[in-house]
Amino acid sequence: MVNKLRLGVDVGGTNTDAVLLDISQGVIASAKHPTTPDITRGIQQAVKDVLDQVPNSTDIQSVSIGTTHFVNALVERDPARLDRVAVIRLCGPFSHGTPPCVGFPLDLRALLQGPYFLVSGGLQIDGSEISSVDPCEIESACKEIANSNVRAVVVSSVFAPIDSTIKQEEHVASIARTALSHVDVVCSKDVAHLGLLERENAAILNASLLRYAKMTVAGFQRATRSLKLKCPIFITSNDGMLLSCAQASQFPVRTFSSGPTNSMRGAAFLAALGSDVAKQSALVVDIGGTTTDIGMLLPTGFPRQAAAHHELCGVVLNLPMPHVTSIGLGGGSLVRQSPCTGNILVGPDSVGHRITSEALVFNGSTLTATDIAVAAGRASIGDPSLVENISPSTIDGAQKTIKAMLQNTLDIMKTSAADIPIYLVGGGSILAPDELEGVSRVHRLPHYDVANAVGAAVAQISGVVDSFEDTSSMSVSEVRKIVEARAIERAISAGADPQRVTIIESEAIPIAYASGRCRFYVKAAGEWDGISAQVDPDACDSEDDSVISPSPPGTGFPDVPCHPLPIPTELDISSYVPNVQDNQWFLSETDLEWISDGCYVLGCGGGGSPLHTFLELREMVRNGSTIRVVDLAFLSPDAMVGYGGGMGSPEVSSERLLGKEYDEACAELWNFVGITKPEALCALEIGGGNGMVNLIVAASKNYDIPVVDGDFMGRAYPTLHQITPNVFDESGKGLNFLPSVISSGDGNIMIMTRAKRDTDADAALRAACVEMGTDVGLASKPLKAKDLQMSMISNTVSLSWRIGRAIALARKQSNIRQVGRIIVDAVGGSRSAKVLFSGKIADVRRRLYKGHTIGEVVITALAYENDDSSEAIEKFTGSLVVPFKNENLYAEHTSADGQTTIQAVVPDLICILDAQNGSALGTQEYKYGLRVVVIGITAAPQWTGTARGMAIGGPAAFGFHEVPYVPLGVYTRPKSVIEEYRFHD
């Protein structure tokens, strides 16, 4: 018998597949069995079918299982399989406004949230402590947890992934395990990577599944033992790696996306068996019964990973996940003619698993994509005579639609414009044509229908390092080699064959404003060595044969405290009326969500995401706080208006979430200038997170003052002196924003009273910002309301609300393809705004310079095929180049014949949106293949009306002296929400 036999199993929604694999020769035996309600029994039956084909199962080296058990428990919100989780967060004075589970859907939050404790601890970006762990605090928290009837505890700490010396999470976990012997304790750093809230979310989901995971994995072991298999059992993970039973029991969250990963890994293995296919980048197309999943396979044989943050079950996570795009195309997809255009449509609705009774070839009455494939002679399934009467025009139209659907999605997933091969797998791969535009070759692989199980069988062992390192005394490349060696050692320690470990991912990421430090993410992987003690086959085996059965439909949540809020129903956006009383706008959750979406659009690629600020504000409103917005005219002429926001690196603010740094900066400044508090606050910039941060300080639980409907940029700019009050200060010394105060939030406060030049003030404050943790709160000189009549850009809070509402409306009406036009209408119409371009990002170049991200994005027009929209979208040709320095600076169009035209220039706003969902994109989110819409909005006259305004905020301020400013259109003053709705019944 050949050596290195591996048995792979993959559990799908319809079928459970199993294969026996010889690593050097390929598939020896395979089986496909319907997935059973009791998934473990389905695994047992599929494995048995394979073993019946093999004379001697003792030569099998391992069993690897890809399972949907754990993600299904979350998707189904099953209280029988999920436990409440307590959280101990080590954060010092930071992140108190965004408690654990703050971003969870309400039903999942009600099910999982246990008591939480925000205690001393946490690290700064340089590895120093925010504060030390207080054992007395931890012991007190454990006493409360002991009385709360929870079964799992998460310990999370600010910058835990870089804490390799102090080990705060480990210290607290040790205390908790001693005090709470009956509960499971999970450290967030063991679950996910940088990004506090997202890592903590992943750890909470993981902890909630531990009890179920232990019983499930023990069930897997019993099932294989009953088949006389004595080899080690593994579970496959999201990134194509093996987890021992003990590891899977400890980290079930790592299995959530193992299915798509197994598909791609299996395709890579099957392709490599062919002598004419070398290791190369390729797209894997997995066509099932209802959907098609497409992922990028790297030359390493592993899938390209998704963006740092992604959503699962309504929860934002930062787990390693494959980057997969899904479309509604499968063997069971319905085929019909569009009543609007007459085009033949395919999907997204499908007969699914009912295909064997409903498709025409199976004597059913529904025309499906499989019927088209049979009628076209591409497959022999069912009774071909039953589809002989399908008209040639329908067959041809359906095949063209299928081809266009695949081509468009493949193009999204490509990483360059070059042609690329594709590997077809999945039972529905008969639908794909043999030639596709942008594809060098279509590979139809052997055993394509069990590629997922093949991927499970060839999963490997990995070691990962994600850390910040000192690069002040060594080059980045030298430090990278050290980090790579560390990752290789971790893989070997986990059980990888030392002779076959390679680096499969290695990235160095500069940190804004932090010279001499760099973030490194490195992953090493290799085949299991077959002998490592790390994979003891009985590490998780249990004599307890109890089974957790899914809850019956309609089961309530036992022992779950009632959430004080009802689960919201779908909102009728067009009829929503904001709460305006006595000329004050009282913000609701809906208002905040729309303002958040609008602020990110107005950030013009910069300003940072407002997500965490929005979550804190929403939590405040849910807990009874009042947040008010007023027009400037509401204030007396001599009323003092404060302003400011955050300054620093997004890499820090994603870990060290907002604390009291801005509050402290405001209090210190106001005391310095001799006022208790101003009569109102105003946004420093409406673009990005700073567009909302003043709402927190102004809320009733804090200073209880209104926020003025306006700001001092009308967008986002990268530096402090680029504000409209400075435009009207002819001295050039920053007299309208100095004195300014910055606060670190943990005890360091600095006041700057004057500067030789306005630009010196920004440079000095940013240098101090780095020394104070690279993220600070900034408060600037309060101004009188009468002085803002000219300098403040009015009604920009209303503008962000209208943009957010427009996006929500486009999504609800399934009209996202028109989102550009809808936003243009919302901000004043075609005289003041326009859709500049739509297309696909074809190239992105970026680098870090003096703390700012600079570069350019190239967008090319798309071909428009099989457009079924009843109202055709505007078509574009050629390409568009948008340079950026944190924010987008100008848009230059190149026509098909090579003619160039400047379409928009800063200070006019250039906003790039994701065409798939209408969301704004920050410059850090630009990547090849994204479909985007580019919108231009005319800037306010505070910038364009004077020479000084253009000198501070125009193209010359960014070094583009050769680029002339030509107004995009005529500025339209945004309509005030208060004016529109103050007399509404």
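Residues numbered from 1 in each chain as written. Predicted model: local features only at pLDDT ≥ 70, side-chain atom pairs only at ≥ 80, totals over all residues. Heavy atoms only, no water.

## Section: the overall build of the chain
Next, step 1: Helix and strand content of the chain: 27 helices and 40 strands.
Next, step 2: Over its C-alpha atoms the chain spans a radius of gyration of 29 Å, differing by no more than 12% from the 30 Å that the globule rule assigns to 985 residues.
Next, step 3: Dimensions of the chain, computed from C-alpha atoms along their principal axes, come out at roughly 90 × 70 × 60 Å.
Next, step 4: Classification of the 985 residues of the chain by burial places 58% in the buried group.
Next, step 5: Expressed as a percentage of contacts within the chain between residues at least 6 apart in sequence, the contacts between residues at least 24 apart total 71%.
Next, step 6: Of the roughly 37700 Å² of accessible surface on the chain, 50% is carried by carbon and sulfur atoms.
Next, step 7: Distance between charge centroids for the chain: 2 Å, based on 79 positive and 108 negative side chains. (Helix = DSSP H or I, 4+ residues; strand = E, 2+ residues; numbered from the N terminus. Rg over C-alpha atoms; globule rule 2.2 N^0.38 Å. Buried < 20%, exposed > 50% of the residue type's maximum accessible area, 1.4 Å probe, protein only. Contact = heavy atoms within 4.5 Å. Areas by Shrake-Rupley, 256 points an atom, 1.4 Å probe, with all protein chains shown as cover. Lys, Arg positive; Asp, Glu negative; His and termini not counted. Charge placed at Lys NZ, Arg CZ, Asp CG, Glu CD.)

## Notes on the packing of helix 1 (residues 39-51) against helix 7 (residues 210-226)
The relative placement of two packed helices is expressed as an angle between their axes plus a distance between the axes.
Next, step 1: Contact geometry for helix 1 and helix 7: axes closest at 10 Å, N-to-C directions at 30°. Here helix 7 runs roughly parallel to helix 1, going by the angle between their axes. Both helix 1 and helix 7 take part in a crossing whose hand is right-handed. Together, T40, I43 and Q44 of helix 1 and G219, F220, A223 and S226 of helix 7 make up the contact between the two elements.
Next, step 2: When its residues are assigned to classes, the contact of helix 1 with helix 7 shows 3 nonpolar, 4 polar and no charged. (Axes fitted to C-alpha atoms, helices over the stretch in contact; angles between N-to-C directions. Parallel < 35°, antiparallel > 145°, perpendicular 65-115°, else oblique. Left-handed = near helix turned anticlockwise from the far one by under 90°. Nonpolar A, V, L, I, M, F, W, Y, C, P; charged D, E, K, R; others polar.)

## Overview of a nonpolar patch on the surface
Next, step 1: Together, F672, V673, I749 and I751 line one region of the surface with nonpolar side chains, adding up to about 300 Å² of accessible area.
Next, step 2: As for its position among the elements, F672 is in helix 18 (residues 661-673). (Patch = residues over 30% accessible without salt bridge, like charges linked within 9 Å, V, L, I, M, F, W, Y side chains within 5 Å. Salt bridge = Lys/Arg side-chain N within 4 Å of Asp/Glu carboxyl O.)

## Remarks on the pattern of salt bridges
Next, step 1: A full pass over the atoms with the stated rule returns 33 salt bridges.
Next, step 2: R151 is the salt-bridge partner of D83, the closest N and O atoms lying 3.5 Å from each other. With D83 in the loop between helix 2 (69-75) and strand 5 (85-90) and R151 in the loop between helix 4 (135-146) and strand 7 (152-157), this pair connects stretches of sequence that are 68 residues apart.
Next, step 3: According to the relative accessible area criterion, D83 is buried, its value standing at 7%.
Next, step 4: Between E170 and K189 there is a salt bridge whose closest N-O contact spans 3.0 Å. Of the two residues, E170 is situated in helix 5 (residues 168-179) and K189 in the loop between strand 8 (184-187) and helix 6 (196-208); the sequence distance between them amounts to 19 residues.

## Description of the sheet that holds strand 5
Next, step 1: In space, the 4 strands of this open sheet follow the order 6-5-7-8, with parallel pairing throughout. Taken across any chain shown, the strands that pair with only one partner, and hence form the sheet edges, are strand 6 (113-119) and strand 8. Strand-to-strand twist of the sheet, defined as the mean angle between neighbouring strand axes without regard to direction, takes the value 15°. (Pairing = 2+ DSSP bridges.)

## Points about the side chain of R265
Next, step 1: Positionally, R265 belongs in helix 9 (residues 258-272).
Next, step 2: Lacking a salt bridge, the buried R265 has E527 as its closest oppositely charged neighbour, with an N-O distance of 7.5 Å.
Next, step 3: At a separation of 3.0 Å, a polar atom in the side chain of R265 contacts the main-chain carbonyl oxygen of V458. (Polar contact = N/O pair within 3.5 Å; in protein donor to acceptor, adjacent residues only side chain to side chain.)

## A word on helix 23 (residues 796-812)
Next, step 1: Relative to the 24 Å expected for 17 residues at 1.5 Å per residue, helix 23 spans 24 Å between its end C-alpha atoms, a close match to the ideal helical length.
Next, step 2: Burial within helix 23 is extensive, with 13 of its 17 residues counted as buried. (Expected span 1.5 Å × (residues − 1).)

## Here's the deal with the packing of helix 15 (residues 589-602) against helix 23
Next, step 1: Contact pair helix 15 / helix 23: the axes reach a minimum separation of 6 Å and the direction vectors enclose 100°. When the axes of helix 15 and helix 23 are compared, the pair comes out roughly perpendicular. Mapping the contact onto sequence places D591, W594, I595, D597, G598, C599, V601 and L602 in helix 15 and T796, V797, L799, S800, W801, I803, G804, R805, I807, A808 and R811 in helix 23.
Next, step 2: Its residues placed into classes, the contact of helix 15 with helix 23 shows 11 nonpolar, 4 polar and 4 charged.

## Observations regarding the nonpolar core
Next, step 1: Formed by 100 residues in total, the largest nonpolar core has its most connected members in W585, L695, I823, I859 and I912.
Next, step 2: Residues in contact with L695, not counting those within four places in the same chain, are L587, L592, L617, I627, V629 and V707.
Next, step 3: Core analysis: the next-biggest nonpolar cluster, separate from the first, contains 63 residues, I60, A73, A192 and Y212 among them. (Core = buried A, V, L, I, M, F, W, Y, C linked by side-chain atoms within 4.5 Å.)

## Regarding the pairing of strand 4 (residues 60-66)
Next, step 1: Of all 7 residues making up strand 4, 6 are buried, and the element is well covered by its neighbours.
Next, step 2: Relative to strand 9 (residues 233-236), strand 4 runs parallel, the two being bridged by 3 bridges. Across the sheet, the residue bridging to V63 is I233, located in strand 9.

## Things to note about the sheet that holds strand 15 (residues 324-327)
Next, step 1: Spatial ordering of the open sheet is given by 15-12-11-18-19, a layout of 5 strands whose pairing is mixed. Here the strands that pair on one side only, and so sit at the sheet edges, are strand 15 and strand 19 (439-444). The average undirected angle you get between the axes of adjacent strands in this sheet is 20°.
Next, step 2: Taken strand by strand, helix 12 (residues 392-413) contacts strand 11 (282-287), strand 12 (292-297), strand 15, strand 18 (420-425) and strand 19, and its axis lies near 35° from that of strand 12.

## Some details on the confidence of the model for the chain
Next, step 1: Overall, the predicted model of the chain reaches an average pLDDT of 87, with 91% of residues at or above 70.
Next, step 2: Predicted confidence for residues 533-544 stays below pLDDT 50, and this span has 29 contacts to residues more than four positions away or in other chains.
Next, step 3: Segment residues 865-872 is flagged for pLDDT under 50; beyond a separation of four residues in sequence, or across chains, it makes 22 contacts in the model. (pLDDT = per-residue confidence, 0-100.)

## Re the packing of aromatic side chains
Next, step 1: Taken as a whole, this structure holds 13 aromatic pairs when the rule is applied.
Next, step 2: Ring geometry for F70 versus Y212: centroids 5.9 Å apart, planes at 85°, classification edge-to-face. In this pair, F70 sits in helix 2 while Y212 sits in helix 7, placing the two residues 142 residues apart along the sequence. Note on accessibility: F70 and Y212 belong to one class, buried.
Next, step 3: Ring pairs connect the aromatic residues Y576, W585, W594, W801 and Y981, which therefore count as one cluster. (Phe/Tyr/Trp six-rings, centres within 6.5 Å; stacked < 30°, edge-to-face > 60°.)

## Quick word on the environment of G606
Next, step 1: Summarising the element assignment, G606 is placed in the loop between helix 15 and helix 16 (611-622).
Next, step 2: Sequence separation between G606 and Q924 is 318 residues; the distance between their C-alpha atoms is 8.6 Å.

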